[in-house]
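# Analysis of the macromolecular model
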Amino acid sequence: MSIIIDGNKIAQDIRQAVREETLVLTRRTGVVPGLAVVLAGDDPASKVYVRRKAKACEEAGFLSREYKLPADVGEAELLDLIRDLNNDRQIHGILVQLPLPKHIVTDKIIAAIDPHKDVDGFHPANVGRLVTGSPLFVPCTPRGIMELIARTGIGLSGKDAVVIGRSNIVGKPMSFLLLAQNATVTMCHSKTKDLPAVARRADVLIAAVGKPRMITADMVKEGAVVIDVGVNRLESGKLAGDVAFDEVAPKTSAITPVPGGVGPMTIAMLMKNTLDAARLHF
Ligand code: GUN
């Protein structure tokens, strides 16, 4: 029997726990966790995410500040804002929504964020800490996926994990988190030879590609755990994951749906990271 992993429910439980822990922190210390979200330009999907993040902050009892900048904002202006936020004692977490407008060098902006406020876990210092096994902030989506896998009850030690997609936001940090739990990790990408054969080895298969329904039943081992990170808008307007859910689900021991799987976990983990950031000050 395949378990459909209920990301909405798990994310809700985590957000409730964050709210309760925040109440205790604020009551004991007076500290209100503060998150600043910076949005440059008007990418419609980014606007939706930023709105959801602000709402989640309010629910959690956080201070939430949004900085909306025009698409033609200069790099210097953005760097000035980050410097101010680094020095702002009310702000514990800084998130610059990606992608940034093309004329801005993303790496330069990320490197300007104080690593102790980098709740996205994208700063090179935080990437390095993850790779060397002493993480401070872990990127939210992979952290959420680890939580989902943990709740299936399957242990990762010695298991074959295959990650498809090598983005800095999901694929790469995901691979290091799985490795830290003693999985044998294979990272696949667009140049991987015979992807179906590699994918079929997976006890745990993570699809983070951005191609609707590209993981078909022939690519999945019987009893595998399948995590679908894809959020692809079809021409019909419907959302589809990277996994062909209807044909793959019956072969799996557990699988995440789209929507309602990985997606809600990203914001839940952002709340957790921001609470952790606020605690760093004590
Ligand atoms: N764009 C897509 N996912 C993310 C994320 O997790 N953080 C930020 N900052 N931007 C994103």
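Residues numbered from 1 in each chain as written. Predicted model: local features only at pLDDT ≥ 70, side-chain atom pairs only at ≥ 80, totals over all residues. Heavy atoms only, no water.

Summing up its helical and strand segments, the protein chain has ten helices and eleven strands in all. Against the compact-globule benchmark of 19 Å for 282 residues, the protein chain has a radius of gyration of 19 Å, which places it among compact chains. The C-alpha extent of the protein chain, read off along each of the three principal axes, is 50 × 45 × 40 Å. Sorting the 282 residues of the protein chain into buried and exposed places 47% on the buried side. Counting contacts in the protein chain only where the partners sit at least 6 residues apart, residues at least 24 apart contribute 69% of the total. Distance between charge centroids for the protein chain: 2 Å, based on 35 positive and 31 negative side chains. (Helix = DSSP H or I, 4+ residues; strand = E, 2+ residues; numbered from the N terminus. Rg over C-alpha atoms; globule rule 2.2 N^0.38 Å. Buried < 20%, exposed > 50% of the residue type's maximum accessible area, 1.4 Å probe, protein only. Contact = heavy atoms within 4.5 Å. Lys, Arg positive; Asp, Glu negative; His and termini not counted. Charge placed at Lys NZ, Arg CZ, Asp CG, Glu CD.)

Two faces belong to every sheet, and in a regular strand the side chains alternate between them. Here strand 7 (residues 204–207) shows two buried faces, one formed by Val 204 and Ile 206 and the other by Leu 205 and Ala 207. As paired elements, strand 5 (residues 160–164) and strand 7 share four bridges and run parallel to each other. Bridging across to strand 7, Val 163 finds its partner in Ile 206. Strand direction decides the pairing type here: strand 7 and strand 8 (residues 225–228), joined by four bridges, are parallel. Across the sheet, the residue bridging to Ala 207 is Asp 228, located in strand 8. (Pairing = 2+ DSSP bridges.)

With that settled, the discussion passes to the pattern of salt bridges. Here the idea is simple: oppositely charged side chains can pair when their charged atoms come close. In this structure the tally under the stated criterion is twelve salt bridges. Because the salt bridges share partners, they merge into one network encompassing Glu 21, Arg 143, Asp 276 and Arg 279. (Salt bridge = Lys/Arg side-chain N within 4 Å of Asp/Glu carboxyl O.)

Attention now goes to unusual backbone geometry. Residue Pro 99 is bonded to the preceding Leu 98 through a cis peptide linkage, with omega at 5 degrees. With respect to the helices and strands, Pro 99 occurs in the loop between strand 4 (93–96) and helix 4 (106–112). Here Val 258 and Pro 259 are connected by a cis peptide whose omega angle stands at -5 degrees. Backbone geometry places Asp 194, a non-glycine residue, at a positive phi of 50 degrees. You can see Asp 194 is positioned in the loop between strand 6 (184–188) and helix 8 (195–199). If you check the backbone angles, Arg 213 has positive phi at about 55 degrees while not being a glycine. Secondary-structure assignment places Arg 213 in the loop between strand 7 and strand 8. With relative accessibility at 42%, the residue Arg 213 sits in the partly exposed group.

In this section: the site of the ligand. Contacts to the ligand come from Leu 95, Val 96, Gln 97, Leu 98, Asp 120 and Phe 122. In this structure, Leu 98 approaches the ligand through a main-chain N or O atom, which is 3.0 Å from a nitrogen atom. One of the side-chain nitrogen or oxygen atoms of Asp 120 is found 2.6 Å away from a nitrogen atom of the ligand. A total of 280 Å² of accessible area belongs to the ligand in isolation, and the protein chains cover 82% of it. Judged by the proximity of its atoms to the pocket grid, the ligand belongs to the largest pocket. (Near = heavy atom within 4 Å. Polar contact = N/O pair within 3.5 Å; in protein donor to acceptor, adjacent residues only side chain to side chain. Areas by Shrake-Rupley, 256 points an atom, 1.4 Å probe, with all protein chains shown as cover. 1 Å grid on protein atoms, 1.4 Å probe; cavity = no way out; pocket = protein on both sides within 12 Å on 5 of 7 lines; lining within 4 Å. Sits in = over half its atoms within 2 Å of the grid points.)

In total, this model carries one cavity of 30 Å³ or more according to the counting rule given. Around the largest cavity, the lining residues are Gln 12, Arg 15, Gln 16, Val 18, Arg 19, Ala 56, Glu 59, Ala 60 and Met 271. Residue assignment for the lining of the largest cavity shows that the elements contributing at least two residues are helix 1 (7–29) and helix 2 (44–60). Considering each element in turn, the lining of the largest cavity owes the most residues, five residues, to helix 1. Split into classes, the residues belonging to the lining of the largest cavity amount to four nonpolar, two polar and three charged. (Points joined across faces, edges and corners; volume = space filled by probe spheres on them. Nonpolar A, V, L, I, M, F, W, Y, C, P; charged D, E, K, R; others polar.)

Within the element layout of this structure, Pro 212 appears in the loop between strand 7 and strand 8. In this structure the C-alpha to C-alpha distance between Pro 212 and Arg 233, which are 21 residues apart in sequence, comes to 8.2 Å. In this structure Pro 212 touches Asn 232, Leu 234, Ala 240, Gly 241 and Asp 242, once residues within four positions along its chain are discounted.

The six strands lie next to each other as 1-11-8-7-5-6, forming an open sheet whose pairing is parallel. A single partner strand is all that each edge strand has here, and the edge strands are strand 1 (3–4) and strand 6. Relative to strand 11 (residues 254–255), strand 1 is paired through two bridges, and the arrangement is parallel. Along strand 11, the bridge assignment pairs Ile 3 with Ala 254. Packing of helix 6 (residues 140–152) onto the sheet brings it into contact with strand 7, strand 8 and strand 11, and relative to strand 7 it is tilted by some 150 degrees. (Axes fitted to C-alpha atoms, helices over the stretch in contact; angles between N-to-C directions.)

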